[in-house]
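Commentary on secondary and tertiary structure
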Amino acid sequence: TLPRIMEAFDAPLTSAGWLVTAYLIAMASLQPITGKLGDRLGRRRLILGGLVYFGCASIGAAMASGFWMLLFFRIQQAIAGAILLPNGVALMREVVPEKRRASRFGLVGSAMALSATAGPPLGGFLVAIADWHAIFYVNLVFILPALLLGWRVLPIHRASQGGSSFDLRGTLLLGIVLMGAAGLLILNAERLLSSIVGVCVVLAVAVYFFWYEWQHPDPVLQLRFFCIRKFAAANGAVALSNLAMYSTMLAVPILLSRQSGWSSTQTGLVLTALMATSVIFAPIGGHLADRWGRRWPAVCGLSLFSFALLPLALTGGDVSIVMLVCCLGVSGIGLGVAGAGIQTSAVEAVERQQAGAASGIYATSRYLGSIIGSSVLIRLLKGNGEEFAAVFLMVTVAAFCSVLVSFGLRDRPEH
């Protein structure tokens, strides 16, 4: 859709890219905050409110008369998504019995992967028969039944208001730190070297933020969660594995685009190998995590993911198309098997009433992995073809590090 939007608003590629980048940064920054709000205010009202908010933002984006208005409503969509996701995860932690929890997370993970796979073809079809406005209007087709279903089935739980006021200062500081760090990451190398003052400012604010949050009785970012081994391990594993996965999904199309005879449709079909196997094996991974405990499906799945990427690292991506599809397909199997165990372990590491804060931090760790991976990828790809060896080496090292970190997961919840 971006080429159509660029043409409609006469926007350059660098500006149009912010429609994607700003969304990711807002999602990464806000989920710890909105998860914490869910702990205090209850899940139902935030989930239903987030759906309404997303629908209104989608209508605003579809009706935008200028590029900056469209960007504004894209950020509103991100805010709504940040409200929905951590509270949906926390709600599952609260209502699903422990012995079936990982399998349910596996089903949700499979549905999300299926949606991510189906979204681009649907978007391409809508743009072909209508215009870019259609990809925003179509959200109402999904939001309205979700809203009605949520109103009917979402449980009403008593909110935990807590004994202290909401951490507004910590909320503002968290947004400044994450957005400032993301801004530095997307700068090119020359500008980064000339922006040493900006780096120092972000570091100083980060140090103050961490000190303030550690002292606060009810912080928006509960740093003490990272003193819990399995919570820290789950966040490390998802950040490293997402760094590897998103870097691979971005590098493969660039690699194929430099080879003659590849269309965007064919490249998309190659990437489908990774997503399709993840859809199939995510529920299986959840069932295994309920049966064997959280740790070993995660360790085995991430190990399979890592070894599947090894041929790309050893050859610099210079493999046959059959081998490439096999590597991506097996990688998807590994990610599908591992995902539910990692996520379930993260939300089980804390008390039930703190599940929203935990799921928000977990989501931010996942997004940070993808943002860092894509930023480093851009720096590594310089145009001569040889840099793909460094890209796939980085990907494989990150994947193997995720295996080592996942050994810190515990098999069963303590709460």
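As the structure is a computational prediction, the values presented were derived from the model and not from experiment.

When two helices pack together, their arrangement is given by the angle between their axes and by how far apart the axes lie. One way to put it is that helix α14 (residues 295-315) packs onto helix α15 (residues 321-348) with a least axis distance of 7 Å and a crossing angle of 160°. In terms of axis orientation, α14 runs roughly antiparallel to α15. The chirality of how α14 crosses α15 is left-handed. In contact with P297, A298, G301, L302, L304, F305, A308, L309, P311 and L312 of α14, α15 contributes L324, C327, V330, S331, I333, G334, L335, V337, A338 and I342. For the contact of α14 with α15, the class distribution of residues is 17 nonpolar, three polar and no charged.

Further remarks concern the environment of T248. Positionally, T248 belongs in helix α12 (residues 229-257). Residues T248 and C200 lie 48 residues apart in sequence; the distance between their C-alpha atoms is 32 Å. Those residues within four positions of T248 in sequence are excluded, and the remaining contacts are P253, L309, L328 and V395.

With that settled, consider helix α8 (residues 139-153). An α-helical segment advances 3.6 residues per turn. Residues three or four places apart therefore align on the same side. Taking 1.5 Å of rise per residue, 15 residues should cover 21 Å, and α8 covers 21 Å from first to last C-alpha, within 8% of that figure. What α8 keeps buried is the set N139, I143 and G150. End-on view of α8: buried residues confined to an arc of 35°, all on one side of the axis. Exposed residues lying more than 90 degrees from the buried face of α8 are V141, L144, L148, L149, R152 and V153. Looking at the buried positions of α8, the neighbouring elements they touch are α4 (43-62), α5 (67-95) and α7 (134-137).

Turning to the packing of aromatic side chains, a few remarks are in order. Taken as a whole, this structure holds 12 aromatic pairs when the rule is applied. Between W296 and F407, the ring centres sit 5.9 Å apart and the planes meet at 85°, which makes this aromatic pair edge-to-face. Highlighted residues: W296 in helix α14 and F407 in the segment after α17 (388-406), separated in sequence by 111 residues. Among the residues examined, W296 registers a relative accessible area of 38% and is labelled partly exposed. Its relative accessible area of 40% is what places F407 among the partly exposed residues. By the ring-pair criterion, three or more aromatic residues cluster together here, those being F9, W132 and F136. In this structure, R44 packs its charged tip against the face of W151, placed 5.1 Å from the ring centre. Across the ring face of W214, the terminal group of R224 is positioned such that the distance to the ring centre comes to 4.2 Å.

Bringing a nonpolar patch on the surface into the picture now. Together, L122, F125, I129, V141 and F142 give the surface a local cluster of nonpolar side chains, amounting to about 510 Å² of exposed area. Breaking the nonpolar patch down by element, the ones donating at least two residues are α6 (98-129) and α8. Counting residues per element, the nonpolar patch draws most heavily on α6, at three residues. Along the chain, the position of I129 falls in helix α6.

About the cut-offs
- Residues numbered from 1 in each chain as written.
- Predicted model: local features only at pLDDT ≥ 70, side-chain atom pairs only at ≥ 80, totals over all residues.
- Heavy atoms only, no water.
- Axes fitted to C-alpha atoms, helices over the stretch in contact; angles between N-to-C directions.
- Helix = DSSP H or I, 4+ residues; strand = E, 2+ residues; numbered from the N terminus.
- Parallel < 35°, antiparallel > 145°, perpendicular 65-115°, else oblique.
- Left-handed = near helix turned anticlockwise from the far one by under 90°.
- Contact = heavy atoms within 4.5 Å.
- Nonpolar A, V, L, I, M, F, W, Y, C, P; charged D, E, K, R; others polar.
- Expected span 1.5 Å × (residues − 1).
- Buried < 20%, exposed > 50% of the residue type's maximum accessible area, 1.4 Å probe, protein only.
- Arc of directions from axis to C-beta.
- Phe/Tyr/Trp six-rings, centres within 6.5 Å; stacked < 30°, edge-to-face > 60°.
- Lys NZ or Arg CZ within 6 Å of the ring centre and 35° of its normal.
- Patch = residues over 30% accessible without salt bridge, like charges linked within 9 Å, V, L, I, M, F, W, Y side chains within 5 Å.
- Areas by Shrake-Rupley, 256 points an atom, 1.4 Å probe, with all protein chains shown as cover.
- Salt bridge = Lys/Arg side-chain N within 4 Å of Asp/Glu carboxyl O.

These results come straight from atomic positions and should not be treated as a statement about function.
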